[in-house]
Amino acid sequence: MFYHLMKYVLLGPLLKLLFRPRIEGLEHIPEEGAAIVAGNHLSFSDHFLMPVVLDRRITFLAKQEYFTGPGIKGRLTAAFFRAAGQIPVDRSGKEAGKAAIREGLGVLSKGELLGIYPEGTRSHDGRLYKGKVGVAVMALTAGVPVVPCAMVGTFEIQPPGKVVPRIRRVTIRFGAPLDFSRFAGSAGERTVVRAVTDEIMYEILRLSGQEYVDDYAADVKAAEAEGGDGAPERKFPRRER
């Protein structure tokens, strides 16, 4: 009830009016049945702009911090994400990752759309970072297609630390569904899930035109916070469409 109220009456029409999103490849979203929509993550605004343009409801795995923030703002944020049916994910530790996969598989088992950001966190500098393998494990376990998605321009409207987004036009680009049925039964094979994840990230890269860094975003953020360089960043050139 709350989800549809926000999408079609309160928030959705306002977002479309302000940001006038260009939508490309919407026909790639399955009209029915389970699927994963895997996208880059550049801004807090991504949580709202992508669902607004979809005809179907989509459930995201959202970081637990959105549900545990202090003060009035924290309570309002938590209430919004819960009412919208988003699932809190504890991102600390291996067991937490397994719990997130279980939650995601629960959504897919009901024939619904699951939204996920394989990088695991927002990009702090606008680049695309190495994907975590949970998206591949879920796709292979559930036997569902993965639709790559690129948010273009959302970093510019609301980079990390900016509370009120700038009013500029953005582009939301969906790619053709990726079919991994050739790897059926291989969700437990480390090399396979890494290869599948990398294929998904390559398609997101192709759609977004971002510069790619073959390191995890969380590791690079932590190294920068400590004032060091951390592991050498393995970069790939920006890809133009």
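Scroll up for the structure.
Calculation criteria
- Residues numbered from 1 in each chain as written.
- Predicted model: local features only at pLDDT ≥ 70, side-chain atom pairs only at ≥ 80, totals over all residues.
- Heavy atoms only, no water.
- Buried < 20%, exposed > 50% of the residue type's maximum accessible area, 1.4 Å probe, protein only.
- Helix = DSSP H or I, 4+ residues; strand = E, 2+ residues; numbered from the N terminus.
- Pairing = 2+ DSSP bridges.
- Salt bridge = Lys/Arg side-chain N within 4 Å of Asp/Glu carboxyl O.
- Contact = heavy atoms within 4.5 Å.
- Arc of directions from axis to C-beta.
- Core = buried A, V, L, I, M, F, W, Y, C linked by side-chain atoms within 4.5 Å.

**Let's talk about the pairing of strand E2 (residues 35–39)**
A large share of E2 lies buried, amounting to five of its five residues. The side-chain alternation of E2 yields two buried faces, one formed by Ala35, Val37 and Gly39 and the other by Ile36 and Ala38. Here four bridges tie E2 to strand E7 (residues 146–152), and the two strands are oriented parallel to one another. Opposite Gly39, over in E7, you have Cys149 as the bridge partner.

**What to know about the pattern of salt bridges**
In the structure shown here, the tally under the stated rule is six salt bridges. Between Glu24 and Arg173 there is a salt bridge, with the nearest N and O atoms lying 2.7 Å from each other. In this pair, Glu24 is assigned in strand E1 (residues 22–24) and Arg173 in strand E8 (residues 171–174), connecting sequence segments 149 residues apart. What makes Glu24 partly exposed here is its relative accessible area of 29%. With a relative accessible area of 11%, Arg173 lands in the buried category.

**Some details on the pairing of strand E3 (residues 58–63)**
Of all six residues making up E3, five are buried, and the element is well covered by its neighbours. Two strands pair when backbone bridges link them, and E3 and strand E5 (residues 113–116) are joined in this way by three bridges, in the parallel orientation. Note on E5: the bridge partner recorded for Ile58 is Leu113. One ladder, built from three bridges, connects E3 with strand E4 (residues 87–89); its direction is parallel. Each bridged residue has a counterpart across the sheet, and for Lys63 the counterpart in E4 is Val89.

**Observations concerning the environment of Phe48**
With respect to the helices and strands, Phe48 occurs in helix H3 (residues 46–53). A residue is classified by how much of its surface remains accessible, and Phe48, at 19% relative accessible area, is buried. With 89 residues separating them in the primary sequence, Phe48 and Val137 have C-alpha atoms 26 Å apart. The residues touching Phe48, leaving out its near neighbours within four places in the chain, are Leu11, Leu15 and Phe80.

**Describing helix H9 (residues 217–225)**
Along H9, the residues that are buried comprise Ala217, Val220 and Ala223. Around the axis of H9, the buried residues are gathered within 130° of arc, so they sit on the same side. One or two residues past the end of H9 sits Gly227, with phi positive at roughly 85°.

**Quick notes on unusual backbone geometry**
A positive phi is found at Arg20, a non-glycine position, where the angle reads about 40°. Note on placement: Arg20 falls in the loop between helix H2 (12–19) and E1. In this structure Arg20 comes out as partly exposed when scored by relative accessible area, which is 47%.

**Focus on the nonpolar core**
Ranked by internal contacts, the top residues of the largest apolar core, which has 31 residues, are Ile36, Met138, Val146 and Ile200. Those elements that place two or more of their residues in this core are E2, E4, helix H5 (94–109), E5, helix H6 (134–142) and helix H8 (190–208). With seven residues, H8 is the single largest residue contributor to this core. Membership of the second largest hydrophobic core comes to 29 residues, among which are Phe19, Leu49, Val52 and Phe174.

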